[in-house]
Amino acid sequence: MKEYSITVVKTNNPHILKFETNHLLVQRKNYEFKNIDEAKNSPLAQQLFYLPFIKTVYISGDFIGLERYDIVQWEDVKDEVAQQLVEYLNAGEPIVIEEDMDKPIPVTVYAEVTPNPATMKFVASKKIVGSAFEFKNIDEARDSKLATELFQFPFVKQVFIDENYVSVSKYEVAEWDDITIELREVIRTFITDGKQIVADNAKAIGAEAQVSETVTAESTVELDETSQEIVDILEEYVKPAVASDGGNIMFQSYDTESKTVNVILQGACSGCPSSTFTLKNGIETMLKNMMGDKVNEVVALNG
């Protein structure tokens, strides 16, 4: 059974808060409910409307967005709402009753080069996972049938899956011109057939180091002020750029004495010839400029 956790994320609208989940909630589309009558096909949204301060409920692939009335402030109720959502989801209650689930979903997949010549990014026209997963060999891929299928090709070295794309790293024995079309078709067919990309019990990368008010059924984890500031900068300015290249960056730790930030590079960024340049001249410079003397150095633990 899936074990859900929720990360509370602020938006540009102070009335709207996002409650991000570590598993996909809905498959086919996004939903918006403005009252309990509109929510007749969503037991979760109906329950939320029993909270008198809920104005609008948004349900997307991996988050629940809630808009509030002015009778409360989010700071006063967000923890209770997050806990209620965790308990509801972990109880296995229905989220949205989606129609025509037996019909295949048209999916397109295109190949995109990355700064790492050994890695190709295959981008799907829909979200395929709610968290990031990295598989370095076929044994690690036992919780992902898609990754296992890709490892049947002898030239596949690593597989990284996140959001709406699959990054495949290859050995030098093969050239991309010879294998890209075949890999793309395998991935497209797998998604179109509606197969589960990653098993429910698979552990997402960084699951043990979730940050920014992550709520589980048992606990709430918070970072110190400086670490949280670093995480916020990485999330807002660095991760989107890294993801566009088929990779991921994860905050690992901050040493207060040496003022060293440790990060983990994954996907296309791991082993990329240009990753050291990007780390020193991009990420490290940005953190120094934005945080002053709080940061001396940024080190990639596996870069």
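What this report covers is the structure whose coordinates are included nearby. (Residues numbered from 1 in each chain as written. Predicted model: local features only at pLDDT ≥ 70, side-chain atom pairs only at ≥ 80, totals over all residues. Heavy atoms only, no water.)

### Comments concerning the pairing of strand 7 (residues 119-124)
Stage number 1. The buried fraction of strand 7 amounts to 6 of the 6 residues, a majority that puts the element mostly inside the structure.
Stage number 2. Neither face of strand 7 is exposed, since T119, K121 and V123 on one face and M120, F122 and A124 on the opposite face are all buried.
Stage number 3. Relative to strand 7, strand 6 (residues 109-113) runs antiparallel, the two being bridged by 5 bridges. Along strand 7, the bridge assignment pairs Y110 with V123.
Stage number 4. Where strand 6 hands over to strand 7, the hairpin turn is made up of 5 residues, counted between the paired strands.
Stage number 5. By the bridge criterion, 5 bridges tie strand 7 to strand 10 (residues 165-170) in an arrangement that is antiparallel. From the neighbouring strand, M120 faces strand 10, where its bridge partner is V168. (Buried < 20%, exposed > 50% of the residue type's maximum accessible area, 1.4 Å probe, protein only. Helix = DSSP H or I, 4+ residues; strand = E, 2+ residues; numbered from the N terminus. Pairing = 2+ DSSP bridges.)

### Notes on the pairing of strand 14 (residues 260-267)
Stage number 1. The buried fraction of strand 14 is high, at 8 of 8 residues.
Stage number 2. Direction of pairing for strand 13 (residues 247-255) relative to strand 14: antiparallel, over a ladder of 8 bridges. Residue pairing across strands places D255 opposite T260, the latter belonging to strand 14.
Stage number 3. In this sheet, strand 15 (residues 297-300) lies alongside strand 14 in parallel orientation, the contact comprising 4 bridges. The residue bridging V263 from the neighbouring strand is A300, located in strand 15.

### What about the sheet that holds strand 8 (residues 133-135)?
Stage number 1. The antiparallel open sheet is built from 5 strands, whose spatial order is 6-7-10-9-8. Two strands in the sheet have a free side with no partner beyond their single neighbour: strand 6 and strand 8. The mean inter-strand angle of the sheet, taken between neighbouring strand axes irrespective of direction, is 20 degrees.
Stage number 2. On the sheet, helix 4 (residues 176-192) packs against strand 6, strand 7, strand 9 (156-162) and strand 10 and is oriented at approximately 35 degrees with respect to strand 7. (Axes fitted to C-alpha atoms, helices over the stretch in contact; angles between N-to-C directions. Contact = heavy atoms within 4.5 Å.)

From the geometry alone we can't say anything about function, so treat these as descriptive.
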